[in-house]
Amino acid sequence: MADIELNLPTVDDLFTTQEERNTKNTEGIVDIKTSLIDDFPNHPFKVRHDSDMEKLVESIKDHGVLVPVILRPKDNGRYEMIAGHRRKLGSEKAYKDSVPSIIRDLTDDEATIIMVDSNLQRENILPSERAYSYKMKLEALKRQGKRTDLTSAPLEPKLRSNEQLAKDSSDSVSQIKRYIRLTELIPEIMDMVDDNKIAFRPAVELSYLSNEEQQSLLKTMEID
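These remarks concern the structure in this document. (Residues numbered from 1 in each chain as written. Predicted model: local features only at pLDDT ≥ 70, side-chain atom pairs only at ≥ 80, totals over all residues. Heavy atoms only, no water.)

### Here we look at the environment of Gly-77
Mapped onto the elements of the fold, Gly-77 is located in the loop between strand E3 (69-73) and strand E4 (79-83). With 41 residues separating them along the chain, Gly-77 and Leu-36 place their C-alpha atoms 8.2 Å apart. (Helix = DSSP H or I, 4+ residues; strand = E, 2+ residues; numbered from the N terminus.)

So, in structure tokens, the structure goes:
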């Protein structure tokens, strides 16, 4: 009997999307030591040591990192993480000293936009994470020459940056504006929003108070 060749799906096929597999096929992947990778400056997304991280660690132990992280080279021979902070930590917890990586030469603004877009795809995002990431991307778009006025009418046909943000995310223009307002909160009140101790809409209203007024309000809340 003639041998029959079976084209069975690989582990990579089962656990990654077609877009991710296309990326792997078109860009070179190299193993980079995790000790050479620095976090993205002012990274707005928290890497939590939760049950999801435990599952990721077990997956990495069994199958390795299925989707490469994205890095950009630094002048000192090190690398800056653009997308993949959780995969890096998961690799370290799984006692892996390197992680499969895609190296890209990116400007600061390009790196910021990729970092934000890759993390906004996560299921569970805290209000503070969404707020600061929207603000960072909005500022990057501004530096790239797009309009960032959140209130006035556009002066030209191209998308304003807040409209581009809405196009790239699940939130409307007005909701994005509300999230960005949250960045005006003092850290203690922002933490209360993340902990569901203050609802989103009241928190937006509180963001219009001065820092001194927010501090006074906080003291009152602590007394109560």
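### Regarding helix H6 (residues 127-143)
Between the first and last C-alpha of H6 there are 25 Å, a value that for 17 residues agrees with the 24 Å anticipated at 1.5 Å per step. Buried residues dominate H6, accounting for twelve of its 17 residues. For H6, every residue scored as buried is listed here: Pro-127, Ser-128, Glu-129, Arg-130, Ala-131, Ser-133, Tyr-134, Met-136, Lys-137, Leu-138, Ala-140 and Leu-141. Positive phi shows up at Gly-145, right after H6, with a value of about 100°. (Expected span 1.5 Å × (residues − 1). Buried < 20%, exposed > 50% of the residue type's maximum accessible area, 1.4 Å probe, protein only.)

### Points about the packing of H6 against helix H9 (residues 187-194)
Interhelical geometry of H6 versus H9 gives an angle of 120° and a closest axis separation of 8 Å. Taken together, the axes of H6 and H9 are oblique relative to one another. Seen from H6, the contacting residues are Pro-127, Ser-128 and Tyr-132; seen from H9, they are Met-190, Val-193 and Asp-194. When grouped by side-chain class, the residues that make up the contact of H6 with H9 number four nonpolar, one polar and one charged. (Axes fitted to C-alpha atoms, helices over the stretch in contact; angles between N-to-C directions. Parallel < 35°, antiparallel > 145°, perpendicular 65-115°, else oblique. Contact = heavy atoms within 4.5 Å. Nonpolar A, V, L, I, M, F, W, Y, C, P; charged D, E, K, R; others polar.)

### Quick notes on the pairing of E3
The buried fraction of E3 amounts to four of the five residues, a majority that puts the element mostly inside the structure. Note: E3 against strand E5 (residues 98-103), three bridges, orientation parallel. Pairing of Val-69 across the sheet is with Ser-101, part of E5. In this sheet, E4 lies alongside E3 in antiparallel orientation, the contact comprising four bridges. (Pairing = 2+ DSSP bridges.)

### Quick notes on the pattern of salt bridges
For the structure shown, the criterion picks out 13 salt bridges. Taking the shortest distance from any N to any O, the salt bridge between Arg-72 and Asp-108 comes out at 2.7 Å. Of the two residues, Arg-72 sits in strand E3 while Asp-108 sits in helix H5 (residues 108-119), which places them 36 residues apart along the sequence. A salt bridge links Glu-129 to Arg-122, with the nearest nitrogen and oxygen atoms 3.9 Å apart. (Salt bridge = Lys/Arg side-chain N within 4 Å of Asp/Glu carboxyl O.)

### Some details on the packing of aromatic side chains
Remark: the centre distance and the inter-plane angle together describe each pair of aromatic rings, the angle taken between the planes. Inspection of the entire model under this criterion finds two aromatic pairs. Pairing Tyr-134 with Tyr-179 gives two aromatic rings, centres 6.0 Å apart and planes at 65°, and the pair type is edge-to-face. Pair noted here: Tyr-134 is in helix H6 and Tyr-179 is in helix H8 (residues 173-181), with a separation of 45 residues, a long-range link. Both residues of the pair, Tyr-134 and Tyr-179, belong to the buried class. Measuring from ring centre to ring centre gives 4.7 Å for Tyr-179 and Phe-200, while their planes differ by 50°; the resulting arrangement is tilted. (Phe/Tyr/Trp six-rings, centres within 6.5 Å; stacked < 30°, edge-to-face > 60°.)

### What about the nonpolar core?
When a protein is soluble and globular, its nonpolar side chains tend to lie buried together. Judged by nonpolar contacts, the single largest core of 36 residues is most densely connected at Ile-82, Met-115, Tyr-134, Leu-182, Leu-185, Ile-189 and Ile-198. Elements with a minimum of two residues in this core: E4, H5, H6, helix H7 (161-168), H8, H9 and helix H10 (200-206). Here this core takes six residues from H6, the largest share from any one element. Not counting residues within four places of it along the chain, the set of residues in contact with Tyr-134 comprises Leu-120, Leu-165, Ser-169, Asp-171, Ile-176, Tyr-179 and Ile-180. Counting residues in hydrophobic clusters, the runner-up holds 14 residues, among them Leu-56, Val-69, Tyr-79 and Val-99. (Core = buried A, V, L, I, M, F, W, Y, C linked by side-chain atoms within 4.5 Å.)

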